[in-house]
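Summary of structural features
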Amino acid sequence: MNESPAYVPPAVWTWNKESGGRFANINRPIAGPTHDKDLPVGRHPLQLYSLGTPNGVKVTVMLEELLALGHAGAEYDAWLVKINEGDQFGSGFVAANPNSKIPALVDRSGPTPVRVFESGAILMHLAEKFGAFWPTDTAARAECLSWLFWQMGSAPFLGGGFGHFYAYAPSQIEYAIDRYAMEVKRQLDVLDRRLAESPYLAGDDYTIADMAVWPWYGTLVKGQLYEAGEFLQVQEYENVLRWTDQIAQRPAVRRGRMVNRAWGQPSSQLHERHEASDFETKTQDKLMPP
Ligand SMILES: N[C@@H](CCC(=O)N[C@@H](CS)C(=O)NCC(=O)O)C(=O)O
């Protein structure tokens, strides 16, 4: 084992030093705003404040899917929230999401703006509002919700557990990496067995459950998350790979992945999305040619 010398916790934990590791600068033990800043508001019914991480992509994929189905009421403005710079602690953002995490949605289609935070709640709000991407049949609806909430409970072990200790922590702790690698491989096996018996997570149809799970586990199984493909031997999960590739081909998914993305190929980054035509004219390669 390669842990650092034994740490004996004091009687009372105090916040007296930076914890180290990536993102340490935005971690703090208190909630609430750090500064006054209103959120911008565009002209569409739905205002999204987000970033193109897996949690953000769930929602932009859903919105693009709804628009592809012809739901004009799903038109949206997507604003970029730079979490590395602390935008999530601005007063306007905290009013939209007291938990200070992307994504946050403000639905302005009615007389009073409605805030929705937590990606799963946003997906359900949109599915219910438009009557799309979740089954009407009771048994299939239950299956859809089960996998949706499976994602909400499981992904923190992947991101906050495995990803943190494998890729972001200031030192690599064998115990922590072992614990979370085991859990993530177990989760991949859960998905693989389900997708061996069913084309999509909830059954025959693509639903918000797939939209929630795909950005995390689809990216992982393609070796694109935490550079952990070889370590976790992701190629073993053949059914997850089949499902991942199938979803990746959907035009709405291709568009949704680009929205609020602020890294990678400039042509894949659409920092803000206000019109459908922005995909053709406002990607970073067009805004900032070399
Ligand atoms: N359970 C939340 C998780 C959201 C979340 O963790 N968002 C991250 C980015 S992927 C974030 O905003 N982090 C900023 C912070 O922790 O200060 C959801 O599903 O919406």
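Here is a short report on the structure shown in this document. (Residues numbered from 1 in each chain as written. Predicted model: local features only at pLDDT ≥ 70, side-chain atom pairs only at ≥ 80, totals over all residues. Heavy atoms only, no water.)

1. Focus on the packing of helix H4 (residues 138-168) against helix H6 (residues 208-221)
It is the contact of H4 with H6, at a shortest axis distance of 8 Å, that shows an interaxial angle of 30°. Between H4 and H6, the angle falls in the class roughly parallel. Here H4 and H6 pass one another in a crossing that is left-handed. Listed contacts from H6 to Cys144, Trp147, Leu148, Trp150, Gln151, Met152, Ser154, Ala155, Leu158 and Gly159 of H4 are Ile208, Ala209, Ala212, Val213, Trp216, Tyr217 and Leu220. (Axes fitted to C-alpha atoms, helices over the stretch in contact; angles between N-to-C directions. Helix = DSSP H or I, 4+ residues; strand = E, 2+ residues; numbered from the N terminus. Parallel < 35°, antiparallel > 145°, perpendicular 65-115°, else oblique. Left-handed = near helix turned anticlockwise from the far one by under 90°. Contact = heavy atoms within 4.5 Å.)

2. A look at the pattern of salt bridges
Under the counting rule described, the total for this entry stands at 13 salt bridges. A salt bridge links Arg194 to Glu197; the shortest N-O distance between them is 2.9 Å. Taken together, the residues span about one helical turn, with Arg194 and Glu197 both in helix H5 (residues 174-197) at a distance of three residues. The closest approach of N and O atoms between Lys282 and Asp278, which form a salt bridge, is 3.5 Å. When its relative accessible area of 39% is taken as the criterion, Lys282 is described as partly exposed. (Salt bridge = Lys/Arg side-chain N within 4 Å of Asp/Glu carboxyl O. Buried < 20%, exposed > 50% of the residue type's maximum accessible area, 1.4 Å probe, protein only.)

3. Regarding the packing of aromatic side chains
The way to describe two aromatic rings as a pair is by their centre distance and the angle between their planes. By the definition in use, this model includes 11 aromatic pairs. Ring geometry for Phe162 versus Tyr226: centroids 6.3 Å apart, planes at 70°, classification edge-to-face. A residue pair is termed long-range when its members are at least 10 positions apart, and Phe162 in helix H4 and Tyr226 in the loop between H6 and helix H7 (229-232) qualify at 64 residues. A residue is classified by how much of its surface remains accessible, and Phe162, at 1% relative accessible area, is buried. Taking 5.9 Å as the distance between ring centres and 0° as the angle between the ring planes, the aromatic pair formed by Phe165 and Tyr180 counts as stacked. Of the two residues, Phe165 is situated in helix H4 and Tyr180 in helix H5; the sequence distance between them amounts to 15 residues. With a relative accessible area of 22%, Phe165 lands in the partly exposed category. For Tyr180, a relative accessible area of 17% translates into the label buried. Among the aromatic residues, ring-to-ring pairing joins Phe162, Tyr166, Tyr168, Tyr226 and Phe231 into one connected group. For Arg28, the ring lying beneath its charged end belongs to Phe89, and the centroid distance is 4.4 Å. (Phe/Tyr/Trp six-rings, centres within 6.5 Å; stacked < 30°, edge-to-face > 60°. Lys NZ or Arg CZ within 6 Å of the ring centre and 35° of its normal.)

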